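Notes for the structure review
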Amino acid sequence: MRNGGRASLRDRFPCSRRALLTAAAALPLTATAASTGGRTAAPEDDTARYFPRHGSYGHRTVAYDLRLSYDPDTAWLDGHATIHAVTNRCTRRVELDLARLTVQSAEIDGAPAAVRQRDGKAVLTVERALAEEQPFTVDIRYSGSPRPVRTPFGAIGWDRTGDDYDGTVVASQPLGAPSWFPCNDRPDDKAAYTVTVVVPDGHHALANGTLHERRALDDGSVAWTYHHPGPMASYLAAVYTGRFAHETHHADDNGSPVPLRNAYPAHLADRARHDLARQPEMLRHFAALFGPYPFETYGAVVVDAELAAPVENQTLSVFGRNHMDGRRGSETLVAHELAHQWYGNSVGLTDWQHIWLNEGFATYAEWLWSEHLGEYDAHDLAGQAWRELSRKRQNLRIGDPGRSRIFDDRIYVRGACTLHALRLALGDEHFFTVLRTWHDAHRGGSADTEAFVGHAERVTGRPLTTLIRPWLFDRTLPRFPV
Ligand SMILES: [Zn+2]
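Residues numbered from 1 in each chain as written. Predicted model: local features only at pLDDT ≥ 70, side-chain atom pairs only at ≥ 80, totals over all residues. Heavy atoms only, no water.

Looking now at the pairing of strand β12 (residues 190-200). Of all 11 residues that make up β12, 10 are buried, and the element is covered over most of its length. Of the pairings in the sheet, the one linking strand β1 (residues 59-71) to β12 comprises 7 bridges and is parallel in character. Counted as the bridge partner of leucine 66 is valine 195 from β12. (Buried < 20%, exposed > 50% of the residue type's maximum accessible area, 1.4 Å probe, protein only. Helix = DSSP H or I, 4+ residues; strand = E, 2+ residues; numbered from the N terminus. Pairing = 2+ DSSP bridges.)

And the structure:
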């Protein structure tokens, strides 16, 4: 069962599954409510969303404070979540996503709430209705043995790692977050996070953001508390536990614009240190192209398991041991996950339909990194990618691929070709101005394809619809740009 579990782990990580180059203490409610960028109007009908059963438009989240106690021997999790949120409408019900874990008790603003759990939802009901636009606090205690959530893309979320099976990895994109905490599981519901993980002495815990405190408890366990002001979507929140070698650099030590911390199993230290060594240079290069790095810290975690692909968890991307060969054989993916911190994480999606904005951009960043290293020009890589695309079926509209195909390789490659076509049409100066201002305009928020096209037109003063739309919305591949 352990071997089987680890083998299936390879299929659970959809982000960047391809590599072409193989040729906070909770913020005060008043402050964060305005800064999350998460003010998404509750639509009359949200069934147009790709996964309407995930997430709720009844409220928007401001901050999660999660206190988790995890026993690696029994794989048992005791959780205590305090969620600060604001209602979008008058309601007595608060709907959260939580899968395979049992709620013991729940309160809203100190009043007991009735809980009904079914089909991955925990629905809380209180006697007194909450008004529209009312800030409120949910307090939930829950427990169980967390396991990945079954999704159309395989089992995704909290999983176990290591030869002793006593480590933890979280890779939730797109629907796995409810496997470990009650959340509003929409890509555009962004919040601040404070996460405390209690593990036995000798084990380590990592989470998004910055380590605030590492405190030994009387029973011999250790509490690790991290804070990330975000704002961050639930699918990008992560916890990793296990035995790690840590490597931390202050911003000035290595030329990185922000503190950098990596973690990997000790037996992979030499390989990982070498394969991740150019991250500071990547950070500087991408900051020069895309604008300042959007978060307070960055790093990579290598888990003791084989992953099908790395994942861009916010401020702390995750790689499998199979991505560290000691020869930088997966450096393309190191660049891809870093680029997602701008495009995908800082600028998020209003819905999964627009995922080319994540994957096309991160794939194009792979080509930009190659160009920077003097290996292959983006133009040569785009040409190679276009030829491969032209030999595949022409039946996908990458701007609206359908929910079952959001991780189709063609979205990554054709999305990057779309950006290359734009670059050729605009020239480098205008093209990179579009990329930088796109991030700047939507930093910390969520956006969609129409907004991107409109943005590019405004910034350049040129009509671009006839150039961009065929790449995104025609099934037939446009001619290679010259
Ligand atoms: Zn990706």
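Having put the structure on the table, let's press on.
Moving on: the sheet that holds strand β3 (residues 91-97). In space, the 3 strands of this open sheet follow the order β3-β7-β6, with antiparallel pairing throughout. Two strands in the sheet have a free side with no partner beyond their single neighbour: β3 and β6 (114-118). Neighbouring strand axes in the sheet, compared pairwise and without regard to direction, differ in orientation by 25 degrees on average. Of the pairings in the sheet, the one linking β6 to strand β7 (residues 121-130) comprises 5 bridges and is antiparallel in character. Bridge pairing in β7 links alanine 114 to threonine 125. (Axes fitted to C-alpha atoms, helices over the stretch in contact; angles between N-to-C directions.)

Let's shift gears to the domain arrangement of the protein. As far as domains go, the protein holds domain 1 (24-87 + 142-243) and domain 2 (349-473). On a C-alpha basis, the centroid separation for the pair domain 1 and domain 2 is 30 Å. The interface of domain 1 with domain 2 comprises 15 residues on the first partner and 18 residues on the second. Around 1500 Å² of area is buried between domain 1 and domain 2 when both sides are counted, 57% of it from carbon and sulfur atoms. In this structure, the connection of domain 1 to domain 2 is made through 0 salt bridges. Remark: the boundary between domain 1 and domain 2 carries 5 residue pairs in polar contact (both at pLDDT 80 or more). (Domains from an automatic or database assignment. Contact = heavy atoms within 4.5 Å. Buried area = accessible area lost by both parts, 1.4 Å probe. Salt bridge = Lys/Arg side-chain N within 4 Å of Asp/Glu carboxyl O. Polar contact = N/O pair within 3.5 Å; in protein donor to acceptor, adjacent residues only side chain to side chain.)

Among the structural elements, proline 229 can be located in strand β15 (residues 221-233). Counting along the chain gives 174 residues from proline 229 to arginine 403, while the straight-line C-alpha distance between them is 30 Å.

Okay, the pattern of salt bridges next. Under the counting rule described, the total for this entry stands at 20 salt bridges. A salt bridge links aspartate 119 to arginine 118; its shortest N-O distance comes to 3.9 Å. Judged by relative accessible area, aspartate 119 falls into the exposed class, the value being 60%. Among the residues examined, arginine 118 registers a relative accessible area of 56% and is labelled exposed. Ionic pairing is found between aspartate 428 and arginine 423, a salt bridge with its closest N-O pair at 2.8 Å. The exposure class assigned to aspartate 428 is partly exposed, which follows from its relative accessible area of 42%.

For the bond running from glutamine 173 to proline 174, omega is 0 degrees, close enough to zero to count as cis. On the secondary structure map, proline 174 appears in the loop between β11 (167-171) and β12. Look at the link from glycine 230 to proline 231: it is a cis peptide, with omega at -5 degrees. Of note, proline 231 is situated in strand β15. Phi at aspartate 109 is positive, roughly 50 degrees, even though this residue is not glycine. With respect to the secondary-structure elements, aspartate 109 resides in the loop between β4 (102-108) and β5 (111-112).

This paragraph deals with empty space enclosed by the protein. Estimates place the volume of the largest cavity at around 70 Å³. Every residue lining the largest cavity is listed: Leu389, Arg393, Gln394, Asn395, Leu396, Arg410, Arg414, Arg475 and Leu477. Taken together, the residues that form the lining of the largest cavity break down as 3 nonpolar, 2 polar and 4 charged. (1 Å grid on protein atoms, 1.4 Å probe; cavity = no way out; pocket = protein on both sides within 12 Å on 5 of 7 lines; lining within 4 Å. Points joined across faces, edges and corners; volume = space filled by probe spheres on them. Nonpolar A, V, L, I, M, F, W, Y, C, P; charged D, E, K, R; others polar.)

Before going further, it helps to examine the packing of aromatic side chains. Two aromatic rings, taken as a pair, are described by how far apart their centres are and by the angle between their planes. Going through the model one piece at a time under the given rule, you end up with 27 aromatic pairs. Relative to tryptophan 158, the ring of tyrosine 70 has its centre 5.1 Å away and its plane inclined at 65 degrees; by these criteria the two rings are edge-to-face. Here tyrosine 70, found in strand β1, pairs with tryptophan 158, found in strand β10 (residues 154-161); they are 88 residues apart in sequence, far enough to count as distant. Like tyrosine 70, the residue tryptophan 158 is buried in the burial classification. The interplanar angle of 85 degrees and the centroid separation of 6.0 Å between the aromatic rings of tyrosine 293 and phenylalanine 295 together place this pair among those described as edge-to-face. Taking NZ or CZ as reference, arginine 186 lies 3.9 Å from the ring centre of tyrosine 57, over its face. (Phe/Tyr/Trp six-rings, centres within 6.5 Å; stacked < 30°, edge-to-face > 60°. Lys NZ or Arg CZ within 6 Å of the ring centre and 35° of its normal.)

Turning to the sheet that holds β12, a few remarks are in order. What the 8 strands build is an open sheet, ordered β5-β4-β8-β2-β1-β12-β15-β14; its pairing is mixed. Unpaired on one side and paired on the other, β5 and β14 (210-216) mark the two borders of the sheet. In this sheet, strand β8 (residues 135-144) lies alongside strand β2 (residues 76-87) in antiparallel orientation, the contact comprising 10 bridges. Bridge assignment links glycine 79 to a residue of β8, and that residue is tyrosine 142.

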